[in-house]
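Structure at a glance
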Amino acid sequence: MSVVRRKFGWTDVEVPVLGQGTWMIEGSRNKEQQAVEALQLGLDLGLTHIDTAEMYGNGRAEELTAKAMGKRRSSVFLVSKVLPSNASYDGTLRACERSLNRLGTDWLDLYLLHWQSRYPIKETMRAMETLVTEGCVRFIGVSNLDLDELKKAQQALRHERLVCNQVLYHLADRGIERQLIPYCVQQQIAVVAYSPFGHSDTPSSGSRGRNILADIARKHGRTSRQVILNFLTRNAGVFAIPKASQNKHVRENSESTGWQLSESELEAMDQGFPAPDYDVPLGIL
């Protein structure tokens, strides 16, 4: 079964609903080799959206991503991020150049501000637009911005449009469903969910939510992790980037789309993992 692809935000570019995250894939030689092999398997399975950042392992994750891509760069939707501490106009340009060097490529498909910076957002967005003009970046976006911050980033742009907001989204943190997701859908801004399993793979043993997940998974012949990813990406504007570090999880993730949860199953998920009925601060890891 091939991974489902969707148009990414306002663009005509189709991106797999599920990508591969690279946070904390660096470490021992064996750990890094395992991570590279997992990323390569993911590419084989169609998980061609790879997300990394200069922060991850002080650039080591970008180097491992380059190793995993090899000669397949043209088939990868490659994403990296600038640290807020580097997000001045000149600092953003230099950070992007360093990332490109570590990634062994001439361009990024998407470049993000990792989270809100002390530098004026106009300065960062001006640098992002310069990178697009110079051909170093195809699309620009943000990460970890709440609705007000997102709007300010939009207003700071003169020639380009934001294509995504990458945010924390998992079953125990559904606050973005109240305002952020609807706004992004209306603005054709893709929502990319990071850490979709939260702080652990599944809810606590014996909990109502865990039992609901297990029941739904059994009916579909799936795993609880697959049900979680299918549920979180049920909205056409939402993508997810679960971490890729083990082959078994990559294979499991790749089979999480292409099938649908029924209305009764969606209701059961809402009961087991209720979304807040009031505004909550944006979660950040």
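These numbers were taken from a predicted model, which means no experiment stands behind them.

Each value, and the rule that gives it
Residues numbered from 1 in each chain as written. Predicted model: local features only at pLDDT ≥ 70, side-chain atom pairs only at ≥ 80, totals over all residues. Heavy atoms only, no water. Helix = DSSP H or I, 4+ residues; strand = E, 2+ residues; numbered from the N terminus. Rg over C-alpha atoms; globule rule 2.2 N^0.38 Å. Buried < 20%, exposed > 50% of the residue type's maximum accessible area, 1.4 Å probe, protein only. Areas by Shrake-Rupley, 256 points an atom, 1.4 Å probe, with all protein chains shown as cover. Lys, Arg positive; Asp, Glu negative; His and termini not counted. Charge placed at Lys NZ, Arg CZ, Asp CG, Glu CD. Core = buried A, V, L, I, M, F, W, Y, C linked by side-chain atoms within 4.5 Å. Polar contact = N/O pair within 3.5 Å; in protein donor to acceptor, adjacent residues only side chain to side chain. Pairing = 2+ DSSP bridges. Axes fitted to C-alpha atoms, helices over the stretch in contact; angles between N-to-C directions. Parallel < 35°, antiparallel > 145°, perpendicular 65-115°, else oblique. Contact = heavy atoms within 4.5 Å. Nonpolar A, V, L, I, M, F, W, Y, C, P; charged D, E, K, R; others polar. Right-handed = clockwise from strand over helix to strand, strands pointing away. Phe/Tyr/Trp six-rings, centres within 6.5 Å; stacked < 30°, edge-to-face > 60°. Lys NZ or Arg CZ within 6 Å of the ring centre and 35° of its normal. Patch = residues over 30% accessible without salt bridge, like charges linked within 9 Å, V, L, I, M, F, W, Y side chains within 5 Å. Salt bridge = Lys/Arg side-chain N within 4 Å of Asp/Glu carboxyl O.

**Let's talk about the overall build of the protein**
Of the regular secondary structure elements, the protein holds 10 helices and 10 strands. Taken over the C-alpha trace, the protein has a radius of gyration of 18 Å; the compact-globule value for 285 residues is 19 Å, and the two agree within 12%. Reported as C-alpha extents along the three principal axes, the dimensions of the protein are approximately 55 × 45 × 30 Å. Taken across its 285 residues, the protein has 55% of its residues classed as buried. Accessible surface, the protein as shown: approximately 12,800 Å² in total, 45% of it carbon and sulfur. Charged side chains in the protein number 34 positive and 33 negative. The centres of these two groups are separated by 3 Å.

**A word on the nonpolar core**
Counting 75 residues, the largest nonpolar core has Tyr 111, Met 125, Val 137 and Met 269 as its most contacted members. In terms of residue count, helix 1 (residues 29-44) provides more of this core than any other element does, six residues in total. By size, the runner-up hydrophobic cluster in this structure holds 16 residues, among which are Val 13, Val 15, Phe 77 and Leu 112.

**Brief notes about the side chain of Arg 225**
Summarising the element assignment, Arg 225 is placed in helix 8 (residues 224-232). Of the polar contacts made by the side chain of Arg 225, one reaches the side chain of Glu 252; its length is 3.3 Å.

**Digging into the sheet that holds strand 10 (residues 238-240)**
Strands sit in the order 3-4-5-6-7-8-9-10 across an open sheet of eight strands; the sheet is parallel. In the strand order of this sheet, the two ends are held by strand 3 (20-21) and strand 10, each with one partner.

**Brief notes about the packing of helix 7 (residues 208-220) against helix 8**
Viewed as axis vectors pointing N to C, helix 7 and helix 8 meet at an angle of 95°, and their least axial separation amounts to 8 Å. As summarised for this structure, helix 7 and helix 8 are arranged roughly perpendicular, according to the angle between their axes. Contacts between helix 7 and helix 8 involve Leu 213, Ala 214, Ile 216 and Ala 217 from the former and Ser 224, Val 227 and Ile 228 from the latter. Of the residues in the contact of helix 7 with helix 8, the class split is six nonpolar, one polar and no charged.

**Regarding the pairing of strand 6 (residues 108-113)**
The buried fraction of strand 6 is high, at six of six residues. Strand direction decides the pairing type here: strand 5 (residues 77-82) and strand 6, joined by four bridges, are parallel. The residue of strand 6 that forms the bridge with Val 82 is Leu 113. Following the backbone out of strand 5, through helix 3 (residues 89-103) and into the adjacent parallel strand 6, one traces a crossover that is right-handed. Of the crossover connections in this fold, the one passing from strand 6 over helix 4 (residues 121-133) to the parallel strand 7 (residues 137-143) is right-handed.

**As for the packing of aromatic side chains**
According to the stated counting rule, one finds three aromatic pairs in the structure shown. A network of ring pairs unites the aromatic residues Phe 8, Phe 77 and Phe 239 as a single cluster. Over the ring of Trp 107 we find Arg 73, and its NZ or CZ is 3.9 Å from the ring centre. The lysine or arginine in question, Arg 225, covers the ring of Phe 197, its NZ or CZ lying 4.1 Å from the ring centre.

**Points about a nonpolar patch on the surface**
A cluster of nonpolar side chains, Trp 23, Met 24 and Leu 285, forms an exposed patch at the surface whose accessible area comes to about 290 Å². Position of Leu 285 relative to the elements: it lies in the segment after helix 10 (263-272).

**Some points on the environment of Ile 212**
As for its placement among the helices and strands, Ile 212 is situated in helix 7. It is 6.9 Å that separates the C-alpha atoms of Ile 212 and Ala 268, two residues lying 56 residues apart in sequence. When near neighbours in sequence (up to four residues on either side) are disregarded, Ile 212 contacts Ala 268, Met 269 and Gly 272.

**Concerning the pairing of strand 8 (residues 162-168)**
Of all the seven residues making up strand 8, seven are buried; the element is thus mostly covered by neighbouring parts of the structure. Pairing geometry for strand 7 and strand 8, over three bridges, is parallel. Looking at the pairing, Ser 143 lines up with Gln 166 of strand 8. Here strand 8 runs beside strand 9 (residues 190-194); their pairing, made up of five bridges, is parallel. Paired with Leu 168 across the bridge in strand 9 is Tyr 194. Taking the sense of rotation as the criterion, the β-α-β connection linking strand 8, helix 6 (residues 180-187) and strand 9 turns out right-handed.

On their own, these measurements won't tell you what the molecule is for.
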